[in-house]
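# Reading the structure
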Amino acid sequence: MKKVAVIGSGTMGNGIAHVFAQNGFQVALVDISEDALNKALGTIAKNLDRIIAKGNLTEEQKKHTLDNITTYTSMQDGVKDAELVVEAATENVDLKLKIFRDLNAFTKPEAILASNTSSISITKIASVTDRPDKVIGMHFMNPVPVMKLVEIIRGYSTSDEVTQQVMDISLKLGKVPTECNDYPGFVANRILMPMINEAIYSLYEGVAGVSEIDTIMKLGMAHPMGPLQLADFIGLDVCLSILNVLHDGFGNPKYAPCPLLVNMVQAGHKGAKTGQGFYSWTHGTKELVVADRFKKK
């Protein structure tokens with residue numbers, strides 16, 4: 001398998017395209033916006049430069065990686081020859097279902113259709129295709145070029161053969177594929193998101209401040225970053241979406257998103273990508289600055 005298409009050129013999509021291209025795959029990177037595609041190529045080039053600066057890549061390998069990526073604004077043109085498609089669009093059920101209906105129509109019947117979803121049911125996504133045995137979850141971690149884990153999610157009808165193929169491909173990318181079954185949130189977010197939600201509740205209820213909560217979790221639990229910083233990094237809208245999937249999927253009130261999280265997303269404070277979340281991200285330094293709203297009076 002050498003021909004891969006990636007749908008979506010945002011943070012996850014360009015990272016996924018990067019690792020496939022760097023490992024010798026021919027990648028079709030698809031997005032509706034030419035500007036988004038150009039920005040993605042710029043991001044990939046910068047990330048490759050960082051690897052070169054560490055002595056782990058040559059300029060020639062960088063050129064070869066970029067040469068392996070072709071961009072398309074037409075999904076039909078981008079995926080027609082793909083043997084594997086990895087969808088990395090926004091975490092929105094309706095959008096993903098539309099994309100998979102189109103992929104089912106535009107790809108070769110034998111092509112494997114994978115989703116980078118972090119919480120949405122693979123079985124539900126597969127239900128809009130006529131090849132549910134070839135639909136699978138391939139959940140990369142962010143930042144994709146750095147993080148080793150790929151969470152491989154089997155839908156209800158995903159075949160053993162397809163699962164093994166995707167596990168083998170992940171190994172060729174230098175990743176550690178880990179298999180799980182298709183239930184809300186899978187494993188990573190079923191465990192992570194309630195922790196983040198509880199950290200937000202701790203802030204909401206006045207148990208402690210932003211930096212105190214994150215410091216306790218970093219120093220006490222050896223987490224590389226605190227849960228509130230991580231929530232900002234993931235995107236508060238994404239956290240809210242995943243919690244809603246868990247809440248709807250299990251019908252258990254323990255997954256209900258904290259009202260503070262809901263309000264922040266509705267106010268447009270979605271974390272690092274909007275400049276404001278639990279921290280302020282607009283000051284131009286790497287220093288963590290608690291957002292004005294959460295600073296102690």
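This one's a predicted model, so the numbers in the text were calculated from it and none came from an experiment.

### A word on the packing of helix α8 (residues 188-204) against helix α10 (residues 227-234)
The angle between the axes and the distance between the axes are what describe a pair of packed helices. One can describe the packing of α8 onto α10 by two numbers: an axis separation of 9 Å at closest approach and a directional angle of 115 degrees. The two elements α8 and α10 cross, and the hand of that crossing is left-handed. Between α8 and α10, the residues in contact are L192, M193, M195, I196, A199, I200 and L203 and P227, L228, L230, A231 and I234, respectively.

### Regarding the domain arrangement of the protein
Split into domains, the protein comes out as domain 1 (3-181) and domain 2 (191-294). On a C-alpha basis, the centroid separation for the pair domain 1 and domain 2 is 27 Å. The interface is formed by four residues belonging to domain 1 together with four residues belonging to domain 2. Between domain 1 and domain 2, the buried area comes to about 400 Å², and carbon and sulfur atoms account for 64% of it. In terms of surface lost to domain 2, no three residues of domain 1 exceed E91, S119 and N142, which account for 73% of the buried area on that side. Counting every contact that joins domain 1 to domain 2 gives zero salt bridges. If you look at where domain 1 meets domain 2, you find one residue pair in polar contact (both at pLDDT 80 or more). Per-class residue counts for the side of domain 1 that touches domain 2 are no nonpolar, three polar and one charged.

### Concerning unusual backbone geometry
Between N142 and P143 the backbone carries a cis peptide bond, its omega angle lying at 0 degrees. When you line up the elements, P143 lands in the loop between β6 (135-140) and β7 (149-154). Positioned with a positive phi, A222 is a non-glycine residue whose angle comes to about 60 degrees. With respect to the helices and strands, A222 occurs in the loop between α9 (210-221) and α10.

### Points about the UniProt feature "domain: 3-hydroxyacyl-CoA dehydrogenase C-terminal" (unreviewed entry) in the protein
Residues annotated in UniProt with the feature "domain: 3-hydroxyacyl-CoA dehydrogenase C-terminal" (unreviewed entry) correspond here to residues 185-281. Segment residues 185-281 splits into 62% helix and 2% strand. End C-alpha atoms: 28 Å apart.

### Topic: the side chain of K96
Residue placement: K96 occurs in helix α5 (residues 93-106). Since its relative accessible area comes to 1%, K96 is described here as buried. Separated by 3.1 Å, the side chain of K96 and the backbone oxygen of A89 make a polar contact. The contact partners of K96, leaving out residues within four places of it in the chain, are E87, A89, T90, E91, S115, T117, I120 and I125.

### Observations regarding the pattern of salt bridges
Per the stated rule, a full pass over the model turns up 11 salt bridges. Across the pair D133 and K134 runs a salt bridge whose closest N-O atoms are separated by 3.4 Å. We classify D133 as partly exposed; its relative accessible area is 29%. A residue is classified by how much of its surface remains accessible, and K134, at 21% relative accessible area, is partly exposed. A single network of salt bridges, built from pairs that share partners, joins E87, E91 and K96.

### Side note on helix α11 (residues 236-250)
The end-to-end C-alpha separation of α11 is 21 Å, in line with the 21 Å expected for 15 residues at 1.5 Å each. Buried within α11 are the following residues: L236, C239, L240, I242, L243 and L246. Take α11 and look down its axis: the buried residues cluster within an arc of 165 degrees, on one side only. Where α11 is buried, its residues contact α8, α10 and α12 (259-266). Just downstream of α11, G251 is the residue with a positive phi angle, here 65 degrees.

Conventions we followed
Residues numbered from 1 in each chain as written. Predicted model: local features only at pLDDT ≥ 70, side-chain atom pairs only at ≥ 80, totals over all residues. Heavy atoms only, no water. Axes fitted to C-alpha atoms, helices over the stretch in contact; angles between N-to-C directions. Helix = DSSP H or I, 4+ residues; strand = E, 2+ residues; numbered from the N terminus. Left-handed = near helix turned anticlockwise from the far one by under 90°. Contact = heavy atoms within 4.5 Å. Domains from an automatic or database assignment. Buried area = accessible area lost by both parts, 1.4 Å probe. Salt bridge = Lys/Arg side-chain N within 4 Å of Asp/Glu carboxyl O. Polar contact = N/O pair within 3.5 Å; in protein donor to acceptor, adjacent residues only side chain to side chain. Nonpolar A, V, L, I, M, F, W, Y, C, P; charged D, E, K, R; others polar. UniProt positions renumbered as here; feature names shortened; annotations may be inferred. Buried < 20%, exposed > 50% of the residue type's maximum accessible area, 1.4 Å probe, protein only. Expected span 1.5 Å × (residues − 1). Arc of directions from axis to C-beta.

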